[in-house]
Each structure stands twice: as C-alpha cells, then as structure tokens.
Amino acid sequence: MSSKKVIELFYDVVSPYSWLGFEVMCRYSRVWDVELKLRPAFLGGVMQGSGNKPPGLVPNKFMYMVKDLNRLAQYFDVPLQAPSDPFEAMFKKGSLSAMRFVAAVQDKRGDKQVEQVSRELWRRIWSEDKDITEPASLSEAAMTAGLSASEIDELLTLSTSKQIKDKLKSTTQEALDHGAFGFPLFVCHINGKAEMFFGSDRYELMAHCIGEKWVGPQPGKSAAKL
C-alpha cells in the first residue's frame, strides 16, 4: 500500500473549471508527495442529485463566468477559450456519451491514458469549439491522445455497455456521497480522514490541510524563480 497522501479528482470534461483544476493538479502530482486518482464522473448527475443549478442559467453569473474563465485561462496557462455557444455545448449537448467513453478508457487503459484522452476532449470543446458528443468526435480525440483505430472501436463499444454505464453512475454517486454539488471536486485522504475541496481555486487551503506547499499554478516555473 502506498504511504503517500491520496487525492481523488472528480471531474467532467464539459466543465471548464474542471479543466483548470485537472491541469494544475496533474502538475502538482509530480511535485507534492501525493497519489492522484482520476475519477471521471457525470456532472449532470451531480447537479440533479444535489439539487444544484448551473451558474450558466443565471444571466449575470453566466456573463461573469465567461470573463472569469478568460482571466483564469491566462493565470493557469491553460489554452481555454469559450465555444461560440457555451450554453448549447454545456447544457443542450452535455457530456454523457463523452464521460462514458472516458470511463471505458479508464477501465481498459488506466489513468495515464485517461489523462491524455480527457485533455483532448477538453481541448475540443473548450479550445477548438468542436463537438464531443458524436462517436466520430470521440474517436478523433482518442486518436490524438495516441490510441489506435482498433482500440478506439473497442472502447466505443464498451462505452455503451451496462458495465460502463454502471461504473459512471457509481463514481458519480461516490462524488455525491462525499457531498459534491459541482466539479471539480478534490477529496484528500490523509491518515484515514477525507477532506473535500470544491473548485479550481482552493489549492492554497488544500496544500495547508495536507501539509504541502502551494507555489502558484506552475510549480516548475515558480521553483525556478526561487
């Protein structure tokens, strides 16, 4: 058993704040004495299960979110750019098929490949203004992440199976059991105790609680300056 502190990251590729949290956490997983476990889940299920309402449904919050994401993208050094119709991408199209595909990738290929595929799906929707709901879109993202055509076909089939549907439901319920009401959700396990942190702006507090040091969104560059 690993002696490292464990951080679970629950996320959905339809969530831009999850992309920010994901990239920074992946950077810190190579700096902090932690084991990062990626937990792809379904944001729609968390919103429904918690009774929460997306900020995009409140006009003033939506306008703020677009401006806020532009600032955060620059601060976190993530190539995030809102799609031409964020409301359609997030709330009309959604991400259920994409997250089932990511769950299938994790089931067959593990977290390293999940990291790469998730990143390419985020890049499609939140950088290139492309679809993530059609099988061809998922295939293109997976191919960019390094998977072969035969592997992708197998994963697309698996993603529609009861096994994977149940896996995604189970992970989503785990997030709800931790108290989730949105993503990204970080659950830090230290000495048998779980601490939950919501959002892409809680790193300083998270670091304090787990006994690590936050040195900014790009720890490699920050360390070079010290």
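Up top is the structure.
Residues numbered from 1 in each chain as written. Predicted model: local features only at pLDDT ≥ 70, side-chain atom pairs only at ≥ 80, totals over all residues. Heavy atoms only, no water.

(A) Just the overall build of the chain, in detail. If you tally the helices and strands in the chain, you get 11 helices and four strands. On C-alpha atoms alone, the chain measures out to a radius of gyration of 17 Å, which is about the 17 Å that the 2.2 N^0.38 rule sets for 226 residues. Buried positions account for 50% of the 226 residues belonging to the chain. Across the chain, the fraction of contacts at a sequence separation of at least 24, relative to all contacts at a separation of at least 6, is 74%. (Helix = DSSP H or I, 4+ residues; strand = E, 2+ residues; numbered from the N terminus. Rg over C-alpha atoms; globule rule 2.2 N^0.38 Å. Buried < 20%, exposed > 50% of the residue type's maximum accessible area, 1.4 Å probe, protein only. Contact = heavy atoms within 4.5 Å.)

(B) Highlighting the environment of Met-196. Structurally, Met-196 can be placed in strand 4 (residues 193-198). Each C-alpha atom of the pair Met-196 and Ser-15 lies 18 Å from the other, and the pair is 181 residues apart in sequence. Setting aside chain neighbours within four positions, we find Met-196 in contact with His-178, Gly-179, Ala-180, Phe-181, Leu-185 and Phe-186.

(C) Highlighting the state of the cysteines. The full count for this structure, using the stated rule, is zero disulfides. This cysteine, Cys-26, is not joined by any disulfide, and Cys-188 carries the nearest cysteine sulfur, 14 Å off. Not engaged in a disulfide, the cysteine Cys-188 finds its nearest cysteine sulfur in Cys-209; these two sulfurs lie 7.9 Å apart. Cys-188 sits in the buried class, given a relative accessible area of 1%. (Disulfide = S-S within 2.5 Å.)

(D) Looking closely at the side chain of Glu-8. Mapped onto the fold, Glu-8 is located in strand 1 (residues 5-11). A polar contact of 2.4 Å, which involves the side chain of Glu-8, links it to the side chain of Arg-39. In this structure, Glu-8 is in contact with Lys-37, Arg-39, Glu-174, His-178, Leu-185, Phe-186, Val-187 and His-189, ignoring residues within four places of it in sequence. (Polar contact = N/O pair within 3.5 Å; in protein donor to acceptor, adjacent residues only side chain to side chain.)

(E) Representation of the packing of aromatic side chains within the structure. Applying the stated criterion to the full structure yields 10 aromatic pairs. On the numbers, 5.0 Å between centres and 20° between planes, the contact of Tyr-28 with Trp-214 is stacked. One end of the pair, Tyr-28, is in helix 1 (residues 16-28); the other, Trp-214, is in the loop between helix 10 (203-210) and helix 11 (219-225), and 186 residues separate them in sequence. A residue is classified by how much of its surface remains accessible, and Tyr-28, at 1% relative accessible area, is buried. With a relative accessible area of 17%, Trp-214 lands in the buried category. (Phe/Tyr/Trp six-rings, centres within 6.5 Å; stacked < 30°, edge-to-face > 60°.)

(F) Representation of a nonpolar patch on the surface. A surface patch of nonpolar side chains, amounting to about 230 Å² of accessible area, comprises Leu-57, Val-58 and Phe-87. On the secondary structure map, Leu-57 appears in the loop between helix 2 (43-50) and helix 3 (59-76). Overall, Leu-57 belongs to the partly exposed group, its relative accessible area being 45%. (Patch = residues over 30% accessible without salt bridge, like charges linked within 9 Å, V, L, I, M, F, W, Y side chains within 5 Å. Areas by Shrake-Rupley, 256 points an atom, 1.4 Å probe, with all protein chains shown as cover. Salt bridge = Lys/Arg side-chain N within 4 Å of Asp/Glu carboxyl O.)

That is the geometry; function is a separate question.
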